[in-house]
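Read off the chains here:
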Amino acid sequence: MEKAELDLDPGMKIDNHDNFPFILLLSCPTGLCPSQVSIVFDESFDRIPHQDVDLENSISEIWDQRVHQNMTLFNGKKFRYGGHIFYDGVDSNQEPCVCLHLGLTDYRTFVGTNLSPLWERFLVPSEDDCRHCQHTSSPLGNGAVVESSDKRIVVLQRSNNVGEFPGHFVFPGGHPEPPEVGIESHQNDKDSKNSELINRKVSQEMFDSIVREVVEEIGVPAATLCNPVFIGISRRVLNVRPAAFFFIKCTLQSKEIQQLYSSAQDGYESTQLYTVSTKDLESMASNMPGCHQGGYALYKLMIEAAKAA
């Protein structure tokens, strides 16, 4: 569910990003289950304020302008992507696993950094992605490559009324939500047991949230979805937006999914649901936002790994 609160300014024009629409920050082609994905949620992964006072003050100015234009906007909490550690397990003969580093951010800061006309000024010249984006809000989105029982992939076409990439093809998705696991701020106490509990809850929310998004956006019952597997993280070059991607099998046939779409809770965000072959998906991917093009690349790597196994 990509809420209206996360819309991109439709008037924003950025040059020279079409040639490099995405970067793969993490690829897990074998697919990771919840036991292989852990989280460290900590304030050390929060955004670092920029030293340029005027640039930092522009966050509030841009937010005030956006609220004045749209009084329905509100400042919700989001998880901030702050990096990861990946263990391939080859040397120890164990299954691969990943630890994601997440901080806390909010929509106001997202609008004032990632979606700002000045967004590139917040970036730090660095090959290290976390340092490169240390001054941006960078909320972690999610997306799902959903496969029907007759081997078709679900693709949505976004409504022309949404602010971010109207009319483009996308995979179902949205964001994991801090309030879903009772997080509104960082805990002041450093109790290790409490921190471990929070980390486990956030890890579960990563998987629970993508199921919620798929159910709400395409209308299928949760019981028809198999357990999601995590396949990686892509980052859109435009506005440095990161998104975690999952692969989910659905026990319904493509025609059944099409029928259920008409009653989807968040169907207003899209105008059409397609169930396509992998060949058709390749041609549609070029009309996806960069982070979703990255999701397609992660899916292709998963397919190639399965064939090589």
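Here is what the cut-offs are and how they apply
Residues numbered from 1 in each chain as written. Predicted model: local features only at pLDDT ≥ 70, side-chain atom pairs only at ≥ 80, totals over all residues. Heavy atoms only, no water. Phe/Tyr/Trp six-rings, centres within 6.5 Å; stacked < 30°, edge-to-face > 60°. Helix = DSSP H or I, 4+ residues; strand = E, 2+ residues; numbered from the N terminus. Buried < 20%, exposed > 50% of the residue type's maximum accessible area, 1.4 Å probe, protein only. Polar contact = N/O pair within 3.5 Å; in protein donor to acceptor, adjacent residues only side chain to side chain. Expected span 1.5 Å × (residues − 1). Bend = angle between axes of the 7 residues up to and from the residue. Pairing = 2+ DSSP bridges. 1 Å grid on protein atoms, 1.4 Å probe; cavity = no way out; pocket = protein on both sides within 12 Å on 5 of 7 lines; lining within 4 Å. Points joined across faces, edges and corners; volume = space filled by probe spheres on them. Nonpolar A, V, L, I, M, F, W, Y, C, P; charged D, E, K, R; others polar. Arc of directions from axis to C-beta. Core = buried A, V, L, I, M, F, W, Y, C linked by side-chain atoms within 4.5 Å. Contact = heavy atoms within 4.5 Å. Axes fitted to C-alpha atoms, helices over the stretch in contact; angles between N-to-C directions. Salt bridge = Lys/Arg side-chain N within 4 Å of Asp/Glu carboxyl O.

### Section: the packing of aromatic side chains
- Applying the stated criterion across every chain yields a total of eight aromatic pairs.
- On the numbers, 5.5 Å between centres and 85° between planes, the contact of W63 with Y107 is edge-to-face. Here W63 is found in helix 1 (residues 53-69), whereas its partner Y107 is found in helix 2 (residues 107-112), with 44 residues between them in sequence.
- An angle of 90° between the planes, with centres 5.7 Å apart, marks the rings of F169 and Y274 as edge-to-face. Of the two residues, F169 sits in strand 7 (residues 169-170) while Y274 sits in strand 11 (residues 270-276), which places them 105 residues apart along the sequence.
- You can call F169 buried: its relative accessible area is 14%.
- We classify Y274 as partly exposed; its relative accessible area is 27%.

### Looking at unusual backbone geometry
- The phi dihedral of K151 falls on the positive side, at around 65°, and the residue is not glycine.
- Position of K151 among the secondary structure elements: in the loop between strand 5 (141-147) and strand 6 (153-158).
- Even without a glycine there, the phi angle at V240 is positive, about 45°.

### Concerning the side chain of N239
- Structurally, N239 can be placed in the loop between strand 9 (229-236) and strand 10 (241-249).
- Relative accessible area serves as the criterion here: at 0%, N239 is assigned to the buried category.
- At 3.5 Å, the side chain of N239 forms a polar contact with the side chain of R236.

### Side note on helix 4 (residues 192-218)
- With 27 residues, helix 4 extends 39 Å between its outermost C-alpha atoms, agreeing within 8% with the 39 Å of an ideal straight helix rising 1.5 Å per residue.
- At M206, helix 4 is deflected by roughly 30°, the largest bend along its length.
- Of the residues flanking the end of helix 4, it is G219, one or two places downstream, whose phi is positive at about 90°.

### Quick notes on the pairing of strand 2 (residues 37-41)
- Residue alternation in strand 2 divides its side chains into a buried set, V37, I39 and F41, and an unburied set, S38 and V40.
- Here five bridges tie strand 2 to strand 4 (residues 97-106), and the two strands are oriented parallel to one another. Of the residues in strand 4, the one forming a bridge with V40 is H101.

### Comments concerning empty space enclosed by the protein
- Throughout the structure, instances matching the rule amount to two cavities of 30 Å³ or more.
- Put simply, the second largest cavity is a space of about 90 Å³.
- Classifying every residue of the lining of the second largest cavity by side-chain character gives three nonpolar, three polar and five charged.

### Comments concerning helix 6 (residues 278-285)
- For helix 6, every residue scored as buried is listed here: L281, M284 and A285. When helix 6 is viewed along its axis, its buried side chains cluster within an angular range of 100° and face the same direction. For helix 6, exposure combined with an orientation more than 90 degrees from the buried face picks out K279 and S283.

### Brief notes about the nonpolar core
- Core analysis: the biggest nonpolar cluster contains 42 residues, and F41, V202, M206, F230 and I233 have the highest contact counts within it.
- No other element matches the eight residues that helix 4 contributes to this core.
- If sequence neighbours within four positions are ignored, I233 has contacts with I23, L24, L25, L26, Y81, L100, L140, A243, A244 and L298.
- Counting 19 residues, the second-largest nonpolar core is a separate cluster that includes F171, V276, M284 and Y296.

### Details of the sheet that holds strand 2
- Pairing in this open sheet of three strands is mixed, and the strands run 2-4-3 from one edge to the other. The sheet terminates laterally at strand 2 and strand 3 (77-87), the two strands that pair on one side only. The mean inter-strand angle of the sheet, taken between neighbouring strand axes irrespective of direction, is 30°.
- Pairing geometry for strand 3 and strand 4, over nine bridges, is antiparallel. Within the sheet, the bridge partner assigned to F79 lies in strand 4 and is L104.
- Strands strand 2, strand 3 and strand 4 of the sheet are contacted by helix 4, whose axis makes an angle of about 125° with strand 2.

### Considerations on the pattern of salt bridges
- On inspection of all chains with the given rule, the structure shows seven salt bridges.
- With its nearest N and O atoms 2.9 Å apart, the salt bridge here joins E177 to K78. Of this pair, E177 sits in the loop between strand 8 (173-174) and helix 4 while K78 sits in strand 3, and the two are 99 residues apart along the sequence.
- The buried category is assigned to E177, whose relative accessible area is 11%.
- Its relative accessible area of 3% is what places K78 among the buried residues.
- Across the salt bridge formed by K151 and E147, the nearest N and O atoms sit 3.6 Å from each other.
- Here the salt bridges share partners, and the residues they tie into one network are E180, E205 and R212.

Honestly, that's just the spatial picture; any functional story needs more than this.
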